[in-house]
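Observations on chain architecture
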Amino acid sequence: MDHRNTSSSTTTPVKKRRFGTMLLVTGVLLAEAAAFVGFMTLAGGPETAQAGSALEVVPANADEAVVETLVLDARLQNNRSGVTYVCDTEIWVQVRGRHLQSVELEIARLHNEIRAEINSTWKGCEPRHLREPGLETVTRKIYALLSDRFGHDIESGESVILKCVIVAGTGFRADA
């Protein structure tokens, strides 16, 4: 009988330990779940953006505004490397609004002369200049050509042509 008494007294503390362990594991799991949900809430990103009131754009003086106008849209050739390359090219100039009409009239009036001058400049360029990412050298040459043609503003003394912008494709072999 003593043997049964001993075994029943040892089962009670074991059950209490198992219950305490289960309670501890459950508490730890709940704490981890709360931490995970909190982390996901913070890591979810910011709230969606809300547009504020639009800024009011005040139009600049139309005479002082810088505008672009097309000078030439053509396929220009260069064969300085011994192989003829053709490049789809657009040449734009930036001018002040007060000069736009006179520049456009001059381009329309002498379109073929301007085209011939630009074409000869393009043909005379070194192949390495045509491979520059921004065509800096060619742009400087054509800017100088157009700046000389259109001259300077009498009032301000600045060049009528403020900037020359060349939009050119990669170019392809024409004699292949």
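**Remarks on the pairing of strand β2 (residues 85–96)**
Where strand β1 (residues 66–78) and β2 come together, 12 bridges link them in antiparallel fashion. Each residue of the ladder has a partner; that of T69, found in β2, is V93. Hairpin remark: β1 followed by β2, antiparallel, with six residues in the connecting loop; positive phi at G82, about 95°. Of the strand pairs in this sheet, β2 and strand β4 (residues 172–173) are connected by two bridges, and their pairing is antiparallel. Within β4, the residue paired with V86 across the bridge is F172. With six bridges joining them, β2 and strand β3 (residues 163–168) adopt antiparallel strand pairing. Bridge pairing links Q94 to K163 in β3.

**Section: the environment of L130**
Structurally, L130 is set in helix α4 (residues 127–130). Overall, L130 belongs to the partly exposed group, its relative accessible area being 24%. Sequence separation between L130 and N78 is 52 residues, and the spatial gap between their C-alpha atoms is 8.9 Å. Residues contacting L130, with those up to four places away along its chain left out, are N78, W122, C125, L135 and V138.

**Looking at the side chain of S159**
Of note, S159 is situated in the loop between α5 (136–150) and β3. The exposure class assigned to S159 is buried, which follows from its relative accessible area of 12%. Side-chain polar atoms of S159 contact the side chain of S147, separated by 2.9 Å. Separated by 3.1 Å, the side chain of S159 and the backbone oxygen of I161 make a polar contact.

**Looking at the pattern of salt bridges**
Going through the model one piece at a time under the given rule, you end up with 11 salt bridges. Notably, a salt bridge pairs E126 with R80, separated by 2.6 Å at the nearest N-O pair. Within this pair, whereas E126 is found in the loop between α3 (111–123) and α4, its partner R80 is found in the loop between β1 and β2, the two being separated by 46 residues in sequence. You can call R80 partly exposed: its relative accessible area is 43%. Three or more residues are tied together by salt bridges with common partners; here these are E64, R96, R98, D153 and E158.

**Some thoughts on α5**
With 15 residues, α5 should reach 21 Å at 1.5 Å per residue; the first-to-last C-alpha distance of 21 Å fits that figure. The set of residues buried in α5 consists of T137, V138, T139, I142, L146, S147 and F150. Where α5 is buried, its residues touch β1, β2, α2 (97–109), α3, α4 and β3. Just past α5, the residue G151 takes up positive phi, approximately 75°.

Basis of the calculations
Residues numbered from 1 in each chain as written. Predicted model: local features only at pLDDT ≥ 70, side-chain atom pairs only at ≥ 80, totals over all residues. Heavy atoms only, no water. Pairing = 2+ DSSP bridges. Helix = DSSP H or I, 4+ residues; strand = E, 2+ residues; numbered from the N terminus. Buried < 20%, exposed > 50% of the residue type's maximum accessible area, 1.4 Å probe, protein only. Contact = heavy atoms within 4.5 Å. Polar contact = N/O pair within 3.5 Å; in protein donor to acceptor, adjacent residues only side chain to side chain. Salt bridge = Lys/Arg side-chain N within 4 Å of Asp/Glu carboxyl O. Expected span 1.5 Å × (residues − 1).

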